[in-house]
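# Structure at a glance
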Amino acid sequence: MAHVFLSYAHDDLALARPLVAALEKAGHQVWYDRHIEGGAQYSHRIEQALDAAAAVVVLWTEHSVASAWVRDEAADGRDRGKLVPVSAGGVQPPIGFRQYQTIELGKWSGRGKVPRLADLLQAVADRTEASASSPSASIADSAPVARPRPSPSRRSWLIAAAAAVLMLAGGVALWRWPGRDSLPVVTVAPSDGSPRARAIANDLFVSLGSLAQIGEGRWKLVDPGTGTRADLTFRPTDSGSATAPQAGLVLTGRDNGLLWSGEFESDGGSAADVRQRRALAAGRVLDCNLEARAAGGLPGDLLKMFLNACAASVGNGADSPDAQLRPIVARLPRFEPAWRRLILADADAVTEARFTPDLLQAQAQLRTDVAQVKPRFPDLPELAIAENELAPRLDYGGQIARLSAAVERAPTSARLWSELSNALAQVGLMNDAVAKARKAAELDPLSPDGTTNIVMTLANSGELDAARQELASAEKLWAGTAALRNAQLAFAMRYGDVRLAQRLDPSGYNTAAFYQARLDPSPANIARLKAGIDEFRSKAVTASQVGWATQALGQFGLVDDVFYWFGRLSTDDAARIAYVLFRPTMASVRQNPRFLPLAKRLGLLAYWRASRRWPDFCDRPGISYNCQAEAAKLG
């Protein structure tokens, strides 16, 4: 790991941030003017940081070539043999620096992947190797980099946002706060004294407040105005423009040491989307800090990787959790929290690779990691999810038993409760599925996924009024966000306002004919929907396509077509979408005498008999046969 000094003009902060993130993800410690200390003697701090740096990365742009400060820092790096010049926007370095090979980033604007990142990392590695035998100052003993370039107002924002000192050099010391057995104090502080900064901090404080209630006994959330000294402090910031909003988040420890920082961009969404992702990241990072503490702490560099992995799930631009977690388990194989998340990342990769050529590779990686972790942590709750991904699809009883045992071992895991809810819905135990989905949402109140899940589990079990109530609550909580739009679309597509669904998804997969049939279920419109689906009769189909089509067909009573399409799938693939058979739109299918033979083929009948847990529809009004009696006739 190298200590890297980044020199840039402050107008180029949008370019500097992703460069810093890329270097830090590669394991380097980066010093730049976001890490600045109030009242610091700027020139002294710069000298200390330059002395300690193994590489000086200089970002040449139209702004920086005119900056005396950037030129001075670049000259210091050049004279010490540490210079790594980078150019953006086709700008040529100033005289005195043109004889050095420059890494050209082209017209890159700071969005997306950093161009020529491999070349940059190699250049930093070359400078590090060259300076390895040279004496240098200790990063642990030097103060954060500061430059007198920012204006006073910008400077005050930077001072608060960066929150002073970086982690200890090399990450040798374990991060933990004093009094390890005491309840950690968490707060959210404004980045400066402005009303806007206080409003931003208050918004995040309110979001974390719901987590503090759920996490009672694990941490204490306090208002910074009380004067209580915090063990963990979040400092949120907003930037960007109305059309391209951005947000930042810094987490510092008790001694103001920087533990983690994240940047969030709109990706075409609204400011509400960005704020939501920041709140989600804060919750994830807080939870992971507490996990690391309970597990004995982590070296500084590994802690940053661990927190990046935790934040990756909310789309903050971090690398995949897999890339962040593997170095941790390699160095500290007894660190259970990293294994928990790595196993989940592996299981998710298998799910995403389903019906693709990458499936075998994803399954092989999952098997390899399960084989490594099981001897160390045989009772790891997340192993239930991994083993279910690798188990036969028809082993409903085994899947439910594994997840039920896992939630007993980890009753605060929203992910496990959600997985158990899905497993119960797979066999038609919809009342139980609703209860588990509600528990998952309660355990993770900041997550829009949990809200969407409870809305749709209620709707799919036929409790449409309750689903509408949950959706109304979500509309207040997640107003203006993509997460809310996803929940609205999922509900409106099959159960709610068709015109709203059309506005949210005007060009969705084969939905135009379906929406028209819902608006006007005339024979002509239903025939048009059926004809569109029938075009696939001569083509290969996936389970997901059949799942969508059969629900649409079942909604309009096209029972023969539903049985035809289920018959087109292998037993294994058909079992993957068994959950659709228990939704309200499939009531006419369940009424048909062919339903229980289909259930037998999918292994559902075997599960119901063995467990003596029959699906809820068997006891609901409208069913024209006795499930157990008809099942007995099938042998």
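Remember, predicted model here, so these are calculated numbers, not experimental data.

## Describing the overall build of the protein
Looking only at helices and strands, the protein features 28 helices and 10 strands. The buried share among the 635 residues of the protein stands at 55%. Counting contacts in the protein only where the partners sit at least 6 residues apart, residues at least 24 apart contribute 67% of the total. Split by element, the accessible area of the protein, about 26900 Å² in all, is 52% carbon and sulfur.

## A word on the state of the cysteines
Counting across every chain of the model gives 2 disulfides. Note on cysteine connectivity: Cys288 is disulfide-linked to Cys310, with sulfurs 1.9 Å apart. One disulfide, between Cys288 and Cys310, carries an S-S torsion of -95° and so falls in the left-handed class. With Cys288 in helix α7 (residues 271-294) and Cys310 in helix α8 (residues 300-311), this residue pair connects regions lying 22 residues apart in the sequence. With a relative accessible area of 4%, Cys310 lands in the buried category. The disulfide bridge from Cys618 ends at Cys627, spanning 2.0 Å between sulfur atoms.

## Examining the pairing of strand β1 (residues 3-7)
Within β1, 5 of the 5 residues are buried, which leaves it mostly tucked inside the rest of the structure. Residues His3, Phe5 and Ser7 line one face of β1 and the alternating positions Val4 and Leu6 line the opposite face, and both faces are buried. Regarding the hand of the β-α-β motif, the stretch spanning β1, helix α1 (residues 13-25) and strand β2 (residues 29-31) is right-handed. Across 4 bridges, the pairing between β1 and strand β3 (residues 55-60) is parallel. Bridge pairing in β3 links Leu6 to Val57.

## Digging into α7
Between its terminal C-alpha atoms α7 stretches 35 Å, which fits the 34 Å expected from 24 residues at 1.5 Å a residue. Of all 24 residues that make up α7, 19 are buried, and the element is covered over most of its length. Count one or two residues on from α7 and you reach Gly296, which has phi positive near 105°.

## Quick notes on the pairing of strand β10 (residues 258-265)
In this structure, strand β9 (residues 245-252) lies alongside β10, joined through 7 bridges in antiparallel fashion. By the bridge assignment for β10, Ala247 is matched with Phe264. Linking β9 back to β10 in an antiparallel pair, the connection comprises 5 residues, with Asn256 at a positive phi of about 70°.

## What about the packing of aromatic side chains?
Summed over the entire model, instances satisfying the criterion amount to 13 aromatic pairs. When the ring of Tyr8 is compared with that of Tyr32, the centres are 6.2 Å apart and the planes differ by 45°; the resulting orientation is tilted. You can see Tyr8 sitting in the loop between β1 and α1 and its partner Tyr32 sitting in the loop between β2 and α2 (42-52), a full 24 residues away along the chain. Judged by relative accessible area, which is 0%, Tyr8 ranks as buried. The class for Tyr32 is buried, based on a relative accessible area of 6%. Aromatic side chains Phe595 and Phe617 sit 5.5 Å apart centroid to centroid with 85° between the ring planes, which places their arrangement in the edge-to-face category. Remark: Phe617 occurs in the loop between α27 (604-611) and α28 (627-633) and Phe595 occurs in helix α26 (residues 595-601); sequence separation between them is 22 residues.

## As for the environment of Arg284
Here Arg284 is to be found in helix α7. Counting along the chain gives 162 residues from Arg284 to Leu446, while the straight-line C-alpha distance between them is 9.5 Å. Not counting residues up to four positions away in its chain, the partners in contact with Arg284 are Cys310, Ser313, Val314, Asp444 and Ser447.

## Let's talk about the nonpolar core
Most often, soluble globular proteins have nonpolar side chains that are buried together. In terms of nonpolar packing, the biggest core is built from 74 residues, with Phe566, Leu581, Phe595, Leu602, Leu604 and Trp608 touching the most fellow members. A per-element tally of this core places helix α14 (residues 414-426) first, with 7 residues. Among the nonpolar cores identified, the runner-up in size contains 55 residues, and Leu221, Ala247, Leu249 and Phe335 belong to it.

## Regarding the pattern of salt bridges
Taken as a whole, this structure holds 35 salt bridges when the rule is applied. We note a salt bridge from Asp573 to Arg576, for which the minimum N-O separation is 3.7 Å. In this pair, Asp573 and Arg576 are both assigned in helix α24 (residues 571-576), 3 residues apart and thus about one turn of the helix distant. One network of salt bridges, with partners in common, ties together Asp287, Glu291, Glu336, Arg340, Arg341 and Glu382.

## Concerning the sheet that holds β2
Sheet architecture is open: 5 strands sit in the order β2-β1-β3-β4-β5, paired in parallel fashion. In this open sheet, the two strands that pair with only one neighbour each are β2 and β5 (103-104). Against the sheet, helix α3 (residues 68-79) touches β1, β3 and β4 (83-87), its axis set at about 140° to β3.

## With respect to the packing of α8 against helix α9 (residues 321-331)
Where α8 meets α9, the closest approach of the two axes is 8 Å, and the angle between their N-to-C directions is 145°. Between α8 and α9 lies a crossing whose hand is left-handed. Contacts between α8 and α9 involve Asp301, Leu302, Met305, Phe306, Asn308 and Ala309 from the former and Pro321, Gln324, Leu325, Pro327, Ile328 and Arg331 from the latter. Classifying every residue of the contact of α8 with α9 gives 8 nonpolar, 2 polar and 2 charged.

## Brief notes about the sheet that holds β10
A sheet is described by the order of its strands in space; here 5 strands give the open sequence β7-β6-β8-β9-β10, paired in mixed fashion. Two strands lie at the open edges of the sheet, namely β7 (220-221) and β10, each paired on one side alone. With 8 bridges connecting them, strand β8 (residues 232-240) and β9 associate as antiparallel partners. The partner of Pro236 across the bridge, within β9, is Leu249. Seen against the sheet, α8 touches β9 and β10 and runs at an angle of roughly 30° to β10.

## A short note on helix α17 (residues 464-477)
Taking 1.5 Å as the rise per residue, α17 with 14 residues should run 20 Å; its terminal C-alpha atoms sit 20 Å apart, in good agreement. Every buried residue of α17 is accounted for by Ala467, Leu471 and Ala474. Considered in projection along α17, the buried side chains sweep an arc of 55° and stay on one side of the axis. For α17, exposure combined with an orientation more than 90 degrees from the buried face picks out Asp465, Gln469 and Lys476.

How each quantity is defined
- Residues numbered from 1 in each chain as written.
- Predicted model: local features only at pLDDT ≥ 70, side-chain atom pairs only at ≥ 80, totals over all residues.
- Heavy atoms only, no water.
- Helix = DSSP H or I, 4+ residues; strand = E, 2+ residues; numbered from the N terminus.
- Buried < 20%, exposed > 50% of the residue type's maximum accessible area, 1.4 Å probe, protein only.
- Contact = heavy atoms within 4.5 Å.
- Areas by Shrake-Rupley, 256 points an atom, 1.4 Å probe, with all protein chains shown as cover.
- Disulfide = S-S within 2.5 Å.
- Right-handed = clockwise from strand over helix to strand, strands pointing away.
- Pairing = 2+ DSSP bridges.
- Expected span 1.5 Å × (residues − 1).
- Phe/Tyr/Trp six-rings, centres within 6.5 Å; stacked < 30°, edge-to-face > 60°.
- Core = buried A, V, L, I, M, F, W, Y, C linked by side-chain atoms within 4.5 Å.
- Salt bridge = Lys/Arg side-chain N within 4 Å of Asp/Glu carboxyl O.
- Axes fitted to C-alpha atoms, helices over the stretch in contact; angles between N-to-C directions.
- Left-handed = near helix turned anticlockwise from the far one by under 90°.
- Nonpolar A, V, L, I, M, F, W, Y, C, P; charged D, E, K, R; others polar.
- Arc of directions from axis to C-beta.

In short, the description is geometric, and any link to function would need to be established separately.
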